[in-house]
Amino acid sequence: MSTVLLPPVAPDVLADAVEQLSARLRKKLDAAISGCADRPSAMADGAVEVRFGEDATVTLRPGPSGTVTNAEQAVCTCLLAPRCLHRAAVLGAAPIAGGEGDAGGGDDSGTGRAAGSGTASDTGAGPEEAAPPAPEAEVAATAVSPAALTAAQVLAATALWDAAAEALSAGVTAGGAVVQAELLRAAHTARLAGLPRAEAAALRVVRSLRAARERSGGQRLADLTGAFRELLAGAALLASGVAGTDAAGSARRVYEQGGSLRVYGLCREPVLSATGYGGVTTHLVGSDGAGYTVSDVRPGGLARVKGAGSASVALGGAVLDHAGLARGGLRIVGATVSADGRLGAGRGVSATPLRGVDWFEDPASTLFARPVQEAMAAVLADGAPEAGGPGSTAPGLLGCDVEVIGAAGDSVVVRVAGGGPLLRLCPAHPHPELPHAANLRRIAGHPGLALRVLGRPDLDRAATLRPLAVGPVPGASATLRLSDAWKGHADLGYDRLQGEHFPREAAGPAACGPVTAGPDPLAEAPLWRVRRLLETGVAGGRRAVAEAGRGTDADLLSARLTRAELRGAAHLAQALTTEAGRRPRDTFGRLTDPSADAYARAWLASAVHLAAAERSLVAASWS
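The shown structure was predicted, so the numbers you read here are calculated from the model rather than taken from an experiment. Each chain carries its own residue numbering, running from 1 in the direction its sequence is written. The model is predicted, so local features are restricted to residues of pLDDT at least 70 and side-chain atom pairs to those at 80 or more, both for listing and for counting; the totals for chains, interfaces and linings are taken over all residues. Hydrogen atoms and water are omitted, and side-chain values are computed over all heavy atoms in the structure.

K.L.:
Is there a simple way to think about the overall build of the protein chain in this case?
P.N.:
Across its full length, the protein chain holds 19 helices and 15 strands. Contacts are residue-level and defined by heavy atoms, with any inter-residue pair within 4.5 Å sufficient. Looking at the protein chain alone, contacts between residues at least 24 apart form 68% of all its contacts between residues at least 6 apart. Note on areas: these come from Shrake-Rupley sampling with a 1.4 Å probe, and a residue is covered only by the protein chains present in the view. As displayed, the protein chain has an accessible area near 26500 Å², and 53% of this comes from carbon and sulfur atoms. A helix here means a DSSP run of H or I that spans at least four residues, while a strand means a run of E at least two residues long, and both kinds are numbered starting from the N terminus.

K.L.:
What's the story with the sheet that holds strand β5 (residues 255-272) in this structure? I'm lost.
P.N.:
Strand pairs in the sheet, formed through backbone hydrogen bonds, run parallel or antiparallel to each other. Following DSSP output, two strands are said to pair if at least two bridges run between them. Pairing in this open sheet of five strands is antiparallel, and the strands run β7-β6-β5-β8-β9 from one edge to the other. Two strands lie at the open edges of the sheet, namely β7 (291-299) and β9 (350-354), each paired on one side alone. In this sheet, neighbouring strand axes are inclined to one another by 45° on average, regardless of whether the strands run parallel or antiparallel. Relative to β9, strand β8 (residues 329-338) runs antiparallel, the two sharing five bridges. Residue pairing for β9: Gly329 is matched across the bridge by Leu354. Against the sheet, helix α9 (residues 301-308) contacts β5, β6 (277-286) and β7, and its axis sits at roughly 30° relative to β6. Each axis is a line fitted through C-alpha atoms, taken for helices only over the stretch in contact, and angles between the N-to-C directions span 0 to 180 degrees.

K.L.:
In this structure, what is going on with the packing of helix α5 (residues 151-174) against helix α15 (residues 527-540)? I would like to understand it.
P.N.:
Each pair of packed helices can be summarised by the angle the axes make with each other and by the distance between the axes. Running from N to C, α5 and α15 cross one another at 70°; their axes reach a closest spacing of 4 Å. Here α5 lies roughly perpendicular to α15, going by the angle between them. Between α5 and α15, the residues in contact are Leu168, Ala170, Gly171, Val172 and Thr173 and Gly537, Val538, Ala539 and Gly540, respectively. Basically, the charged four are Asp, Glu, Lys and Arg, the nonpolar ten are Ala, Val, Leu, Ile, Met, Phe, Trp, Tyr, Cys and Pro, and anything else, Gly included, counts as polar. Taken together, the residues of the contact of α5 with α15 break down into five nonpolar, four polar and no charged. Should an angle fall under 35 degrees it is called roughly parallel, over 145 degrees roughly antiparallel, and 65 to 115 degrees roughly perpendicular, with every other angle called oblique.

K.L.:
Looking at this structure, how should I read the nonpolar core?
P.N.:
Side chains of nonpolar character tend, in soluble globular proteins, to be buried together. Side-chain atoms within 4.5 Å link the members of a nonpolar core, which is a set of buried Ala, Val, Leu, Ile, Met, Phe, Trp, Tyr and Cys residues. The buried label goes to any residue with under 20% of its type's maximum accessible area, the exposed label to any with over 50%, and the partly exposed label to all in between, with areas taken from a 1.4 Å probe on protein chains only. Within the largest apolar cluster, 97 residues are counted, with the highest numbers of intra-cluster contacts made by Leu29, Leu183, Phe228 and Trp603. The biggest single contributor to this core is α5, with twelve residues. Phe228 has contacts with Ala164, Ala167, Leu168, Val205, Leu209, Val538 and Trp603, leaving out every residue within four places of it along the chain.

K.L.:
Before we go on, may I ask you to explain unusual backbone geometry in this structure?
P.N.:
For residues other than glycine, phi is negative in most cases, and the peptide bonds are mostly trans. In this model, Ala81 is joined to Pro82 through a cis peptide bond whose omega is 5°. Mapped onto the elements, Pro82 comes out in the loop between β4 (74-76) and α4 (85-93). Between Asp362 and the following residue, Pro363, the backbone shows a cis peptide bond with an omega angle of 5°. Following the sequence through the fold, Pro363 ends up in the loop between β9 and α11 (366-369). Backbone geometry at Ala463 places phi at a positive 45°, although glycine is not the residue there. Of note, Ala463 is situated in the loop between β13 (450-457) and β14 (464-471). Judged by its relative accessible area of 5%, Ala463 falls in the buried class. For Lys487, which is not glycine, the phi dihedral falls at a positive 55°. Along the chain, Lys487 falls in the loop between β14 and β15 (490-491).

K.L.:
What am I meant to see in the packing of aromatic side chains here?
P.N.:
Centre-to-centre distance and the angle between the planes together describe a pair of aromatic rings. Centres within 6.5 Å make a pair out of two Phe, Tyr or Trp rings, where for Trp the six-membered ring is used; the pair is then stacked when the planes are under 30 degrees apart, edge-to-face when over 60, and tilted otherwise. Under the defined criterion, the tally for this structure stands at one aromatic pair. The criterion for a charge sitting over a ring is simple: Lys NZ or Arg CZ within 6 Å of the ring centre, and within 35 degrees of the ring normal. It is Arg601 that lies over the ring of Trp161; its NZ or CZ is 4.7 Å from the centre.

K.L.:
What should I look at first to understand the pairing of strand β12 (residues 422-425) in this one?
P.N.:
Each regular strand carries side chains that alternate between the two faces of the sheet. In β12, alternate side chains face the same way, and those of Leu422 and Arg424 on one face and Leu423 and Leu425 on the other are all buried. The sheet contact formed by strand β11 (residues 411-416) and β12 spans four bridges and is antiparallel. Looking at the pairing, Val413 lines up with Arg424 of β12. Taking the residues that link successive antiparallel strands as the turn, the β11-β12 hairpin has five residues, and the phi of Gly418 there is positive, at about 85°. The sheet contact formed by β12 and β14 spans two bridges and is parallel. Counted as the bridge partner of Arg424 is Thr464 from β14.

K.L.:
Can you help me understand the pattern of salt bridges in this one?
P.N.:
Pairing between side chains of opposite charge can happen when their charged atoms approach one another. What makes a salt bridge here is a side-chain nitrogen of Lys or Arg within 4 Å of a carboxyl oxygen of Asp or Glu, nothing more. Applying the stated rule across the entire model yields 25 salt bridges. Taking the shortest distance from any N to any O, the salt bridge between Arg304 and Asp296 comes out at 2.9 Å. Asp296 sits in the buried class, given a relative accessible area of 12%. Connected through shared salt-bridge partners, Arg268, Arg327, Asp491 and Asp495 make up one network.

K.L.:
Please clarify how the sheet that holds strand β2 (residues 48-52) should be interpreted in this entry.
P.N.:
Strands sit in the order β1-β2-β3-β4 across an open sheet of four strands; the sheet is antiparallel. Strands at the two margins of the open sheet, each flanked by one partner only, are β1 (40-42) and β4. If you compare each strand with its neighbour and ignore which way they point, the axes differ by 20° on average. Relative to β2, β1 runs antiparallel, the two sharing three bridges. Directly across from Ser41, in β2, lies its bridge partner Glu49. Packing of α4 onto the sheet brings it into contact with β2, β3 (56-60) and β4, and relative to β3 it is tilted by some 40°.

K.L.:
What should I look at first to understand the state of the cysteines in this one?
P.N.:
What is meant by a disulfide is a covalent connection between two cysteines, made through their sulfur atoms. In plain terms, two cysteine sulfur atoms within 2.5 Å form what is called a disulfide here. Going through the model one piece at a time under the given rule, you end up with zero disulfides. The thiol sulfur of Cys78 is not disulfide-bonded, and the nearest other cysteine sulfur, from Cys76, lies at 3.6 Å. Classification of Cys78 by relative accessible area gives buried; the value is 16%.

K.L.:
Looking at this structure, I do not really get the environment of Ala378. What am I missing?
P.N.:
Here Ala378 lies in helix α12 (residues 372-383). Distance from Ala378 to Leu398, taken between C-alpha atoms, is 9.6 Å for residues 20 residues apart in sequence.

K.L.:
Is there a simple way to think about the side chain of Asn439 in this case?
P.N.:
By the secondary structure assignment, Asn439 is in helix α13 (residues 436-444). Overall, the relative accessible area of 2% leaves Asn439 in the buried class. Polar contacts here mean pairs of N or O atoms no more than 3.5 Å apart (in protein, one a potential hydrogen donor and the other a potential acceptor; neighbouring residues in sequence count only if both atoms are side-chain atoms). Within the structure, Asn439 has its side chain in polar contact with the backbone oxygen of Leu492 (distance 3.0 Å). Once you skip the residues sitting within four places of it in the chain, Asn439 turns out to touch Leu492, Asp495, Arg496 and Leu497.

K.L.:
Explain the confidence of the model for the protein chain to me, please; I cannot follow it from the model alone.
P.N.:
Reading fine detail from the predicted coordinates is not recommended where pLDDT is low. Taken residue by residue, the protein chain gives an average pLDDT of 84. The fraction at 70 or more is 87%. What pLDDT conveys is the predictor's confidence in a given residue, as a value from 0 to 100. Under a pLDDT of 50 for its full length, residues 100-146 has, in the predicted model, 148 contacts with residues more than four places off or in other chains. pLDDT under 50 marks residues 385-392. Its contacts with residues more than four places away, or in other chains, come to 16 contacts.

K.L.:
Hey, could you run me through the packing of helix α8 (residues 221-239) against α15 in this one?
P.N.:
Two elements in contact, α8 and α15, have axes whose closest approach is 9 Å; the angle formed by their N-to-C orientations is 90°. As far as their axial angle goes, α15 and α8 are roughly perpendicular. For the pair α8 and α15, the contacting residues are Leu221, Ala222, Leu224, Thr225 and Phe228 in the first and Leu534, Glu535, Val538 and Ala539 in the second. Partitioned by chemical class, the residues of the contact of α8 with α15 number seven nonpolar, one polar and one charged.

See the structure below:
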């Protein structure tokens, strides 16, 4: 048995349970949580029991939604209940429910991200894993909201900032259940105040903290650092009181009337999140060149990812499945469209199939006609309005024609046609059960092959594209030979390229020696030292940053950054280490300023500057 049997628990229920503990019991909470791993057992009525010896049994009885949403659904038989360690430990071991509202997002049921936004499939992560709404909720609406945040929202954001600053100061090593409970309490307050984006950011930090403390194989310190940066940046903006209501986000996506649309399939993208959601997103292009998507993402994991690729499209009674839609089209009457291009499946929507268009036909061909440097600049402008800031979205799709040079590790090195830059093609999703990596290995074995590629730029790596689909280049002799059933392109997450799809004769000479992708300005810049300092703070907390600021390492960091003309990064890193070590005490040795506010602001300033600097270097690598 393991804690996977435990039902999800609402954040406020866990926060209340921890708050009721005495100071003595709070010190024992982390050890008690780790001791729950082999104790859960399922009951016939759907409840879960966890035994602590012969005298104490904790029972969780989730509601109809499968979630423990109130304190009465978690009971313990010991004499101290409900203020006992057993009950708090079981609730702390259970997954955290909810909170994946519109962090810019919403859900992905029956709708999709714009063909320019997509999901960051972990490259980090899939779409926001919200519980899918009922179909009747997907109706056209117009958002009418006040021009400024309310006083309650500003207070909730301030409380969330304080909790996030304390969690950052503690780091992973000291960010146990008590620190997490404070964040959950602040997240719940933000939810009640109407700040769903801030709540979602806080819950992502808590989940990442848990995974890091459990040393989960799928958890990366860089992801937790990014989650802290997003949470702190969003909370600081909201707490300032000058942000508009757009910064608050929305709990449910708003759809507006789109009239009649003609949309044509571009490709399918498998979606697999770390929290058990799976499905597919089909990217579409309108007759005017605008991007749309239709998605089917629900709980189910890898099995659902594979099945969803050929599942029926739940849009206006359409008879197509996602495989057919990716190579066909739809005429939609009464369409409802969200701000980022998601197509709604409301009751008034009707859809009829259309003949699809090949990638060399309008309107799909416009995606590949734009110079790659210009297209990348547009992606950076649309996908990340504020580098590292709150509300930044996943990058849009980019199309280009390339020539294969060869393999370089797990990536394929290609050159953009017409003397363009060298690019790395990396798998869009690393899961071994998905064919992304296998298809790229086959492509790498054909140097000189001409390809038309549609993918998503990786904004964290220099000149890197994560392809979703490939097709032949019109007029090229050494290019792909796809069957008529594939309608001119192969979806790398679902279709498997075989030998018959490649030209029989060698497209070009095999590369002699290792293949390189040219200079990497991101790797050559000493910004990695700042990144390591920030990640040190996330892992070890404020004390670790203070230690890193002492001795020759701090002088070396400042000197290297200054020598590389990165004086802003050097100044902010120096300010961070100085603030981390500033712990003024009175004559009795007591801290006179125990607040982590100034430290968190120094860390956030350095983190936002680093994100912006790295984004600039990534943009330069595409020129």
